[in-house]
Amino acid sequence: MTMRQIIMDHYEHPHNKRTPAGSDYLSIHMDSVSCVDNIYVYMKVENGIVTDCAFDGVACAISTASTSIMTDLLIGKTITEAETIIKHYQAMIHEQPYDAELLGEAIVFMNTHKQAARIKCATIGWNGASDILEHTHHHE
Amino acid sequence: MDIKSIRAQFPMLTNKTMQGHPLIYFDNAATTFKPRRVLEAMNDYYLNYTANTGRGDYDLEHITDEKFAAARHTIARFINADDKEIVFTSGASMSINLIAFGYGNKYLTPDDEILITQAEHASNVLPWFKVRETTGCQVNFVPLDKQGKLTPENVAKAISNKTKVLAIAHVTNVMAFHIDLKEIARIAHEHGAIVVVDGAQSVPHLPTDVKELDIDFLSFSGHKMCGPTGIGIVYGKYDLLEKTDPFMTGGGMSTGFDMCGDASFMKPPHKFEAGTQNIAGAIGLAEAVKFLTEIGMDNIAAYEKKLRKYAVEKMKALPNVEIYNETAEGGIITFNIKGVFAQDAATHLNSKGICVRSGQHCAKILIDYLGVVATVRFSVYFYNTFEEVDAFIDALKTGGDFLDAYFA
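Residues numbered from 1 in each chain as written. Chains lettered and ligands numbered in written order. Predicted model: local features only at pLDDT ≥ 70, side-chain atom pairs only at ≥ 80, totals over all residues.

Chemist: Quick question: what am I supposed to make of the overall build of chain B here?
Modeler: Of regular secondary structure, chain B possesses 15 helices and 17 strands. Computed over its C-alpha atoms, the radius of gyration of chain B comes to 22 Å, within 12% of the 22 Å expected for a compact globule of 408 residues. The buried share among the 408 residues of chain B stands at 50%. Within chain B, contacts between residues separated by at least 24 positions form 73% of all contacts whose residues are at least 6 apart in sequence. (Helix = DSSP H or I, 4+ residues; strand = E, 2+ residues; numbered from the N terminus. Rg over C-alpha atoms; globule rule 2.2 N^0.38 Å. Buried ≥ 20, exposed ≤ 12 C-beta atoms within 10 Å, placed from the backbone. Contact = placed C-beta atoms within 7 Å.)

Chemist: I'm lost on the overall build of chain A in this one. Help?
Modeler: Along the backbone of chain A there are 4 helices and 3 strands. Taken from the N to the C terminus, the helices and strands of chain A come in the order α-β-β-β-α-α-α. The C-alpha atoms of chain A give a radius of gyration of 14 Å, which matches the 14 Å a tight globule of 140 residues would have. Dimensions along the principal axes, computed over C-alpha positions, put chain A at roughly 40 × 30 × 30 Å. Split into buried and exposed, the 140 residues of chain A put 39% on the buried side. A separation of at least 24 residues holds for 60% of the contacts in chain A among residues at least 6 apart in sequence.

Chemist: Can you help me understand the interface of chain A and chain B in this one?
Modeler: By a widespread convention, an interface's size corresponds to the accessible area lost as its parts come together. Counting residues at the interface gives 17 residues for chain A, matched by 15 residues for chain B. Elements supplying a minimum of two residues to the side of chain A that touches chain B: helix 1 (3-12) and helix 2 (61-74) of chain A. With 4 residues, helix 1 of chain A is the single largest residue contributor to the side of chain A that touches chain B. For the side of chain A that touches chain B, a count of residues per class yields 11 nonpolar, 3 polar and 3 charged. (Nonpolar A, V, L, I, M, F, W, Y, C, P; charged D, E, K, R; others polar.)

Chemist: Explanation requested: the domain arrangement of chain B in the structure shown.
Modeler: All names here are of chain B. The domains assigned to chain B are domain 1 (3-30 + 297-402) and domain 2 (39-294). Distance from the C-alpha centre of domain 1 to the C-alpha centre of domain 2: 28 Å. Between domain 1 and domain 2, the residue contacts involve 22 residues of the former and 21 residues of the latter. At the level of secondary structure, the elements contributing two or more residues to the side of domain 1 that touches domain 2 comprise helix 11 (297-316) and strand 14 (332-337). Among the elements that line the side of domain 1 that touches domain 2, the one with the most residues is helix 11, at 5 residues. Of the residues assigned to the side of domain 1 that touches domain 2, the class counts are 11 nonpolar, 6 polar and 5 charged. (Domains from an automatic or database assignment.)

Chemist: What's the story with the sheet that holds strand 13 (residues 321-323) of chain B in this structure? I'm lost.
Modeler: Within a beta sheet, neighbouring strands are joined by backbone hydrogen bonds and run either parallel or antiparallel to one another. Residues and elements named next belong to chain B. Pairing in this open sheet of 4 strands is antiparallel, and the strands run 13-14-17-16 from one edge to the other. Either end of the sheet is taken by a strand with one partner, and the two such strands are strand 13 and strand 16 (357-359). Put simply, the sheet's adjacent strands are angled 35° from each other on average, direction ignored. Pairing of strand 14 with strand 17 (residues 375-379), which is carried by 4 bridges, proceeds in the antiparallel orientation. Bridge pairing in strand 17 links Phe335 to Val376. Sheet strands touched by helix 11: strand 13, strand 14 and strand 17. Its angle to strand 14, the strand with the most contacts, is close to 15°. (Pairing = 2+ DSSP bridges. Axes fitted to C-alpha atoms, helices over the stretch in contact; angles between N-to-C directions.)

Chemist: I keep staring at the packing of helix 4 (residues 92-107) of chain B against helix 5 (residues 126-135) of chain B and nothing clicks. Help me out?
Modeler: When two helices pack together, their arrangement is captured by the angle between the axes and the distance separating the axes. Residues and elements named next belong to chain B. Put simply, helix 4 and helix 5 touch, their axes get as near as 9 Å, and they point 20° apart. Classified by the angle their axes make, helix 4 and helix 5 are roughly parallel. The hand of the helix 4/helix 5 crossing is right-handed. Along its contact with helix 4, which presents Ile96, Asn97, Ala100, Gly104 and Asn105, the element helix 5 presents Pro127, Trp128, Lys130, Val131, Thr134 and Thr135. (Parallel < 35°, antiparallel > 145°, perpendicular 65-115°, else oblique. Left-handed = near helix turned anticlockwise from the far one by under 90°.)

Chemist: Would you explain the environment of Ala29(B) in this entry?
Modeler: Residue and element names in this part refer to chain B. Of note, Ala29 is situated in the loop between strand 3 (24-25) and helix 2 (36-48). When the C-alpha positions of Ala29 and Asp401 are compared, they lie 27 Å apart, and in sequence the two are 372 residues distant. Once residues lying within four places of it in the same chain are set aside, the contact partners of Ala29 are Asn173, Gln201, Ile332, Arg377 and Ser379.

Chemist: Any chance you could explain the sheet that holds strand 9 (residues 217-221) of chain B here in plain terms?
Modeler: Residue and element names in this part refer to chain B. With respect to topology, 7 strands assemble into an open sheet ordered 4-10-9-8-7-5-6, the strand pairing being mixed. The sheet is open, and its two borders are formed by strand 4 (86-89) and strand 6 (138-142), each paired with just one other strand. Strand-to-strand twist in this sheet, taken as the mean axis angle between neighbours without regard to direction, amounts to 20°. Here 5 bridges tie strand 5 (residues 113-117) to strand 6, and the two strands are oriented parallel to one another. Residue pairing across strands places Thr117 opposite Val142, the latter belonging to strand 6. Taken strand by strand, helix 4 contacts strand 4, strand 7 (163-169), strand 8 (194-198), strand 9 and strand 10 (232-236), and its axis lies near 35° from that of strand 10.

Chemist: Would you explain the environment of Thr151(B) in this entry?
Modeler: All names here are of chain B. Looking at the element boundaries, Thr151 is found in the loop between strand 6 and helix 6 (152-158). By the C-beta count within 10 Å, which is 18 here, Thr151 ends up partly exposed. As a C-alpha pair, Thr151 and Thr17 span 134 residues in sequence and 42 Å in three-dimensional space.

Here is the structure:
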């Protein structure tokens, strides 16, 4: 599949786009001031492992697809692995050196800097996940 | 109107590019470009006659005072007001807040009602919510008609003797209908309500005569009419300005005060202008007003109408475009490319050098009415051309390929 097919596929058929039932999920509301994007990111962390990750809400193609791909990548990872993936993704978005091996399908967003106004869309879900993981450290 | 010579006066319309294409600016409802003479008028103040206003102890200050007063006079003439009815603010948002806090909070009671509409900009909604919070009054909505327009009939149905304030935009920032403001004001006055008009999207585009319309307050922003940012206007009928409390207090607006806390204030407009004013901004806005007046507000309105009609007809011929305000008169077209999220459509246009706004356009309660999450807004000013519309139409045709913006 080409990069644009991957984005369209995740936009039209997003993975893990749901509001999980149950009180054992950490969640964060990501509401962009500058655009319509308005999503919740959910994560379940058990024994230092991200056992589930989901999102729900209203979002454009770029934020929907990037968050969908992110949920696939983070499920099953340790907190440290998840944080590393997010760090490399952020580096890619901001044109810094990154390890493409870690990012899987998320490398389709490597050109986001061409439309700099959309960096917020490509990172809204990732920032949410990062904030949730940060929160887990304070409660260890 | 000689568009070519008009455009030559705007640095932003000269040899600018975006994403490798000539820059085409269709976000004029957000802000507008400035002709060189506005910037020169402001520079003149900073370079040649800098002084504060309101004292006149020396010649230089006297010159500044006269220029500042002349700016007020120019702006007053532009909307057929008296000089003393023109208050300088930082922009339309501050203007509406001044009216809401200075008049609304002072006079409204729990038995009273403020009427607004679902199409208002946040700046003409949230200040009235604050008045409700403080006074216990109600804020109710006049229903829009099927097309999204405010009609005198619906105002007549909604209004009652409880209504003390009718706060509406002359032209709204998403739907852009031209309303029958004169008739609406007449109906409101019959019920004893004052009419507070948000002119942010109308004063830059239409001839405005506050006496002919018989409206009580009018607010507008300089930057949406070729003027600088950070300057705006409240017009108020003089007797209402006298009854309105100052929104801010401080230097330059009091006639005296003592240690017991007794203070007396200057007459309007000065009682509303605490602190050093945005002198360069006022002078820049007056220069913009002169520029618009030389072109002629009738000419501007007629040209924008033609431009809008041309764009709407071309957009209607595109099967992938849905327009939400086809029958409106203002230079704003609200639309979506079918199957493309509004912001993705805007990025696609960005990749072609075209500036449009996507989202909810600060009219977040209108979205329920339109039944869509977000829209794209195209908005013209008199310096836009038919050729620019053609380029916009060509870009819309390939809107389905919006991911090209990242991979082309």
